[in-house]
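Chain by chain, the residues:
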Amino acid sequence: MRPNKRDELVRKALQVFYQDGFHATGMDKLVVETGVSKTSMYKHFRTKEELILAALRLRDENFRNWFLRRIEELADTPADQLIASFDALGEWFEEDGFRGCMFIKAGAEFQDKTHPIHVQAAEHKRLLLEYFTDLARRAGASAPEALACQILLLKEGAIVTAVLLKSCDPAREAKAAAKVLLEAALLS
């Protein structure tokens, strides 16, 4: 399989894993959904777990590129960007096919903290925490690490709530809470 075919396989597998989950998606389903034979898959990925890791790396790259760029489009200052992250989340929640966070799912399906898939999922969250910490520091928060953790917790909770409850507006509610936390962090 040529490299672009490999990339296409990873993109298609990403869609299937996002829609159906990791454990619920067997290689036979991937063959049907991607149109790639098992033989071709196994040429590039010795195991389904290797394909999952490639899909997670692609999802991380795609999501963080979109999310960070969108935040910067929505707001100019670091403080406003922390708050605008919830506007970007709200846009994501409204997309057709929104099914929550692939990394939350990966962490739930592969709970052993040393498992490479769990490690990859945790790395995605660590990178987001690092991003929020940098914004909080540049915004002048008195305890930027603590504020970043709080913002990340609100973000993650909003994602889970958006998937499970249709009776509230999690991005808007999380944004309101984030404003209170930011205000307190800037006054301290």
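Presented here is an overview of the structure given in this document. It should be emphasised that the depicted structure is a prediction, and the values quoted were computed from it without experimental measurement.

Some points on the overall build of the protein
1) Next: In terms of regular secondary structure, the protein is built from nine helices and zero strands.
2) Next: Principal axes of the C-alpha set define a box for the protein whose edges measure 60 × 30 × 30 Å.
3) Next: The contacts of the protein with a sequence gap of at least 6 include a subset with a gap of at least 24, amounting to 63%.
4) Next: With the model as given, the accessible surface of the protein reaches about 9900 Å², and the carbon-plus-sulfur share is 52%.

Brief notes about the nonpolar core
1) Next: Residues Phe17, Leu51, Phe67, Trp92, Phe93 and Phe132 are the most contacted members of the largest nonpolar core, which totals 59 residues.
2) Next: Those elements that place two or more of their residues in this core are helix H1 (3-20), helix H2 (27-34), helix H4 (48-74), helix H5 (78-93), helix H6 (102-109), helix H7 (116-139), helix H8 (144-164) and helix H9 (170-187).

Concerning empty space enclosed by the protein
1) Next: One pass over the full model with this rule turns up one cavity of 30 Å³ or more.
2) Next: What the largest cavity holds in volume is close to 50 Å³.
3) Next: Forming the boundary of the largest cavity are Arg59, Phe63, Trp92, Cys101, Met102, Phe103, His124, Lys125, Lys155 and Ile159.
4) Next: Broken down by secondary-structure element, the contributors of at least two residues to the lining of the largest cavity are H4, H6, H7 and H8.
5) Next: Class assignment of the residues belonging to the lining of the largest cavity gives a composition of six nonpolar, one polar and three charged.

Considering the environment of Leu68
1) Next: Its place among the elements puts Leu68 in helix H4.
2) Next: Put simply, Leu68 and Tyr131 are 63 residues apart on the chain and 8.6 Å apart in space, counted from C-alpha to C-alpha.
3) Next: Leu68 has contacts with Leu128 and Tyr131, leaving out every residue within four places of it along the chain.

A word on the pattern of salt bridges
Side chains that carry opposite charge are capable of pairing whenever their charged atoms lie near each other.
1) Next: A complete count under the given rule lists 17 salt bridges for this structure.
2) Next: Of the charged contacts, one joins Asp60 and Arg64 as a salt bridge, the two residues approaching to 2.7 Å between their closest N and O atoms. Residue Asp60 and its partner Arg64 are located together in helix H4, separated by four residues, close to a single helical turn.
3) Next: Given a relative accessible area of 9%, Asp60 falls into the buried group.
4) Next: Between Lys155 and Glu156 there is a salt bridge, with the nearest N and O atoms lying 2.7 Å from each other. As far as the burial class goes, Lys155 and Glu156 line up, both buried.

Observations regarding the environment of Arg57
1) Next: In this fold, Arg57 is placed in helix H4.
2) Next: Linking Arg57 and Lys166, residues 109 residues apart in sequence, is a C-alpha distance of 30 Å.

Topic: the packing of H4 against H6
1) Next: The interhelical angle for the contact between H4 and H6, taken along N-to-C directions, is 150 degrees, at an axis separation of 10 Å. One finds that H4 runs roughly antiparallel with respect to H6. Between H4 and H6 lies a crossing whose hand is left-handed. For the pair formed by H4 and H6, the contact residues are Leu56, Arg59 and Asp60 on the first element and Met102, Phe103 and Ala106 on the second.
2) Next: By residue class, the composition of the contact of H4 with H6 is four nonpolar, no polar and two charged.

The rules behind each value
Residues numbered from 1 in each chain as written. Predicted model: local features only at pLDDT ≥ 70, side-chain atom pairs only at ≥ 80, totals over all residues. Heavy atoms only, no water. Helix = DSSP H or I, 4+ residues; strand = E, 2+ residues; numbered from the N terminus. Contact = heavy atoms within 4.5 Å. Areas by Shrake-Rupley, 256 points an atom, 1.4 Å probe, with all protein chains shown as cover. Core = buried A, V, L, I, M, F, W, Y, C linked by side-chain atoms within 4.5 Å. Buried < 20%, exposed > 50% of the residue type's maximum accessible area, 1.4 Å probe, protein only. 1 Å grid on protein atoms, 1.4 Å probe; cavity = no way out; pocket = protein on both sides within 12 Å on 5 of 7 lines; lining within 4 Å. Points joined across faces, edges and corners; volume = space filled by probe spheres on them. Nonpolar A, V, L, I, M, F, W, Y, C, P; charged D, E, K, R; others polar. Salt bridge = Lys/Arg side-chain N within 4 Å of Asp/Glu carboxyl O. Axes fitted to C-alpha atoms, helices over the stretch in contact; angles between N-to-C directions. Parallel < 35°, antiparallel > 145°, perpendicular 65-115°, else oblique. Left-handed = near helix turned anticlockwise from the far one by under 90°.

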